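Structural overview
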Amino acid sequence: MKILFASEVFPMRNSFTEHSLVSREFLTNISSMLHDKNNDISDARLLCNNQTLELLFTDFIKLVPSVIRLTESTSKLAGEALQDWSLGGLDAWKEYVAGKGDFAGVVYQELLNIHQLSFDFDMIVCWGENGVYDSIARKLDIPCLHIEISSTRKPFFEGRMIDCLGANGSASFKNIKLDDLKANLTPPGIDFWSAYNNIEGEANTEVLGFDDSSLTYWEDDNTLDIFTGKKIKTVLIGLQLFDDANTQRHSIFTSPLHFLETVIPELTEAGYKVIVKTHPGAIHRPINFIEQNKALAYARNFSNCYIYDQENDHRNYLSLLRSVDLVVVINSSLGFESSLLGKVVVIMGDALFKISDVYPTLQEAMKEDFDRNNYLDKLAYLTYFFSKYVFIDRKYLLKGAFYTAINQYWEDNKKSLLKYKFPVEAYIKGMDDFSRKFIVDSSKPTYDDYQNILSDYILNSPKRDDQIEEKKDCLILKRPKLKVDLVEGKSEFNIDSLYLLDGELYLNGWAIEHQTQVPPVLIILIIDNVVIHTGRASHVRIDVQEHFNLSHSTIGFRFRLPFTNTINITKLLFVYSDSKGELVDISTTL
């Protein structure tokens, strides 16, 4: 199979190199596949404009033969298509992405000539939406794969989404029927397993883990005073970029201001305190900065509105999501991230994860008798499906076998997909078959084959409901095939409190290694031989620092977790940087 990775050749945001990072990722994928002889990819090329190639030439000089340049005549026409983004450039781009306009016809003919004369590709892979690439793919009866960043961002898992029809609101996934998900899936429950499975990086200090969202409470934070005092209804509104395809192509809103003018008055009348979250990328693009400021100026006219800007860090962001009652977005990734935490979310535009009969309208969500339990039950199917089968690690895009599997899926199901019917059963089977064949090692390992917990943690961390087995000198985590060598007396620790209240488990304490006096890098809560939570010491304890005369104070842990089962045996596993740990029984504390 031959693959054409097609970067964007139309000038965007006053630049010809807007997709240089995309081209860099595509070249990395091409290099990996061409070096792997154990796949069905016979050749892969990148189509990009001259400006992008010049930018990447030095870093990818060995791959220059795999780059297809635009012809000189097309390059000149692309130069003529450049115009100020705020004075017609955005509208021209929207026309081109829809597959319309003179330059769209030029690129269409260029691709047809490439296929006939130089590189007879069997698949097109592009970033985002592009009606020209879709049109040539339909003409040649080949698949066009659209890649986008997953609907989760750091500190959540940030992967990739691949779709055979489009991206964002034009993706095939939005055609999924809830009944089809229910017929083919059994989600773990409505307590949002994926908040544990899908947030990465407990071992990476630059990326927060889920436990941090329960460590920082808004009533202890001076950023906003909205959560102090009596209980009030709160709503978080996420702003999006003015020139983003999600806003321009997949919503009724013409600007962030238009969006706020639509929702704030109705929320205010219903008695909500409103938090408007700015988009962190707006400050980097003048047109977005200007349009966002118009929206913020409007919001400041309301005494019940608060502004949450890009200076707030990820920890506060996670805590904020947990604290609000309602989230309202056009179609931002904030909507899916909030769904992972079980929030009531209103999506005002089209989104790839907005399938029918799951998300409420704004009016439905504000009703006092809104059936949240029914909503959560449906949301469990949606978040489970998208987190497990749709948002994937970008490393799999380096494998030729992945594109082969997607090509087979397209051939088997293109009639349904082109009729806007999503074949849930076939898609799940295809992804499961791929994972069994290329991702999961089917051999039965001995415990000697298990990796120590830190060596494989980033890709294979312990998750909630993982089973453990205690051996004489080590602890085995069966599903991730990890082990921890145990050393008795390795820790000094204290459990300040451990109790159940209203369906939640509260655990507070501190721990350090006896010899080095440094905190554990992982803290795993185990109840009745099942992993309940994986966290870390990220809470400041000045009292412990002073008692031991330490140079650091971040040695405490403070967990608040959904838990409704009965408890028999409760243990904590403290894992230190040498990959060794201590398992302590804290049952008597409860």
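Here the structure is a predicted model, which means the values were calculated and not measured.

This paragraph deals with helix 13 (residues 333–340). Of all eight residues that make up helix 13, eight are buried, and the element is covered over most of its length. Its side-chain oxygen placed 2.9 Å from the backbone nitrogen of Leu 334, Ser 332 serves as the N-cap of helix 13. Directly after helix 13, the chain includes Gly 342, whose backbone phi takes a positive value near 75 degrees.

In contact at an axis separation of 10 Å, helix 13 and helix 15 (residues 372–390) are set at 115 degrees when each is read in the N-to-C sense. Regarding the angle of helix 13 to helix 15, the classification is roughly perpendicular. For the pair helix 13 and helix 15, the crossing hand works out as left-handed. In this structure, helix 13 uses Phe 336, Ser 339 and Leu 340 to contact helix 15, whose residues at the interface are Leu 379, Leu 382, Thr 383, Phe 386 and Ser 387. Looking at the contact of helix 13 with helix 15 residue by residue, the classes come out as five nonpolar, three polar and no charged.

On to the packing of aromatic side chains, then. For the structure on display, the rule yields 31 aromatic pairs. When the ring of Phe 557 is compared with that of Phe 574, the centres are 6.2 Å apart and the planes differ by 45 degrees; the resulting orientation is tilted. With a gap of 17 residues between them, Phe 557 in strand 21 (residues 554–562) and Phe 574 in strand 22 (residues 570–575) connect regions that are remote in the sequence. Both residues of the pair, Phe 557 and Phe 574, count as buried.

Okay, unusual backbone geometry next. At Asp 141, a residue that is not glycine, the phi angle is positive and equals roughly 55 degrees. Under the relative-accessibility criterion, Asp 141 is labelled partly exposed at 46%. Of note in this structure, Asn 549 is not a glycine but carries a positive phi near 55 degrees. Tracing the backbone through its elements, the reader meets Asn 549 in the loop between helix 18 (542–548) and strand 21. Relative accessible area serves as the criterion here: at 70%, Asn 549 is assigned to the exposed category.

So, about empty space enclosed by the protein. Counted according to the given criterion, the structure contains three cavities of 30 Å³ or more. The calculated volume of the largest cavity comes to roughly 50 Å³. The element best represented in the lining of the largest cavity is helix 16 (residues 400–418), accounting for three residues. Considering only residue class, the lining of the largest cavity consists of eight nonpolar, one polar and one charged.

A word on helix 3 (residues 72–81). Regarding helix 3, the residues found buried are Thr 74, Ser 75, Ala 78 and Ala 81. Burial along helix 3 is one-sided: seen end-on, the buried residues are contained in an arc of 110 degrees. Exposed residues lying more than 90 degrees from the buried face of helix 3 are Lys 76 and Glu 80.

The next thing to look at is the pattern of salt bridges. Summed over the entire model, instances satisfying the criterion amount to 18 salt bridges. When the shortest N-O distance is used, the salt bridge between Asp 357 and Lys 378 registers 3.8 Å. Taken as a pair, Asp 357 in the loop between strand 11 (344–347) and helix 14 (362–365) and Lys 378 in helix 15 lie far apart in primary sequence, 21 residues in all. Taking relative accessible area as the criterion, Asp 357 reaches 56% and is therefore assigned exposed. Residue Glu 469 is joined to Lys 471 by a salt bridge in which the shortest nitrogen-to-oxygen separation is 3.4 Å. In this structure Lys 471 comes out as partly exposed when scored by relative accessible area, which is 36%. Connected through shared salt-bridge partners, Arg 13, Glu 18 and Asp 243 make up one network.

Counting residues in hydrophobic clusters, the biggest one holds 109 residues, and the most contacted among them are Phe 173, Ile 264, Leu 326, Phe 385, Phe 386 and Tyr 403. Here the element with the most residues in this core is helix 15; it accounts for 10 residues.

Another aspect to go through is the side chain of Asn 246. Mapped onto the elements of the fold, Asn 246 is located in helix 9 (residues 245–249). Setting aside its immediate chain neighbours within four residues, Asn 246 contacts Asn 168, Gly 169, Gln 240, Ser 251 and Asn 331.

This brings us to the sheet that holds strand 4 (residues 123–127). Strand order in this open sheet of six strands is 3-2-1-4-5-6, and the pairing throughout is mixed. Edge positions in the sheet fall to strand 3 (67–69) and strand 6 (160–163), since each of these pairs with one other strand and no more. Pairwise comparison of adjacent strand axes, ignoring direction, gives a mean angle of 25 degrees for this sheet. Bridge count between strand 2 (residues 43–48) and strand 3: three bridges; the pairing is parallel. Bridge pairing links Leu 46 to Val 67 in strand 3. Sitting on the sheet, helix 1 (residues 20–35) is in contact with strand 1 (2–6), strand 2, strand 3, strand 4, strand 5 (144–149) and strand 6, with an inclination near 165 degrees to strand 2.

Analysis parameters
- Residues numbered from 1 in each chain as written.
- Predicted model: local features only at pLDDT ≥ 70, side-chain atom pairs only at ≥ 80, totals over all residues.
- Heavy atoms only, no water.
- Buried < 20%, exposed > 50% of the residue type's maximum accessible area, 1.4 Å probe, protein only.
- Helix = DSSP H or I, 4+ residues; strand = E, 2+ residues; numbered from the N terminus.
- Polar contact = N/O pair within 3.5 Å; in protein donor to acceptor, adjacent residues only side chain to side chain.
- Axes fitted to C-alpha atoms, helices over the stretch in contact; angles between N-to-C directions.
- Parallel < 35°, antiparallel > 145°, perpendicular 65-115°, else oblique.
- Left-handed = near helix turned anticlockwise from the far one by under 90°.
- Contact = heavy atoms within 4.5 Å.
- Nonpolar A, V, L, I, M, F, W, Y, C, P; charged D, E, K, R; others polar.
- Phe/Tyr/Trp six-rings, centres within 6.5 Å; stacked < 30°, edge-to-face > 60°.
- 1 Å grid on protein atoms, 1.4 Å probe; cavity = no way out; pocket = protein on both sides within 12 Å on 5 of 7 lines; lining within 4 Å.
- Points joined across faces, edges and corners; volume = space filled by probe spheres on them.
- Arc of directions from axis to C-beta.
- Salt bridge = Lys/Arg side-chain N within 4 Å of Asp/Glu carboxyl O.
- Core = buried A, V, L, I, M, F, W, Y, C linked by side-chain atoms within 4.5 Å.
- Pairing = 2+ DSSP bridges.

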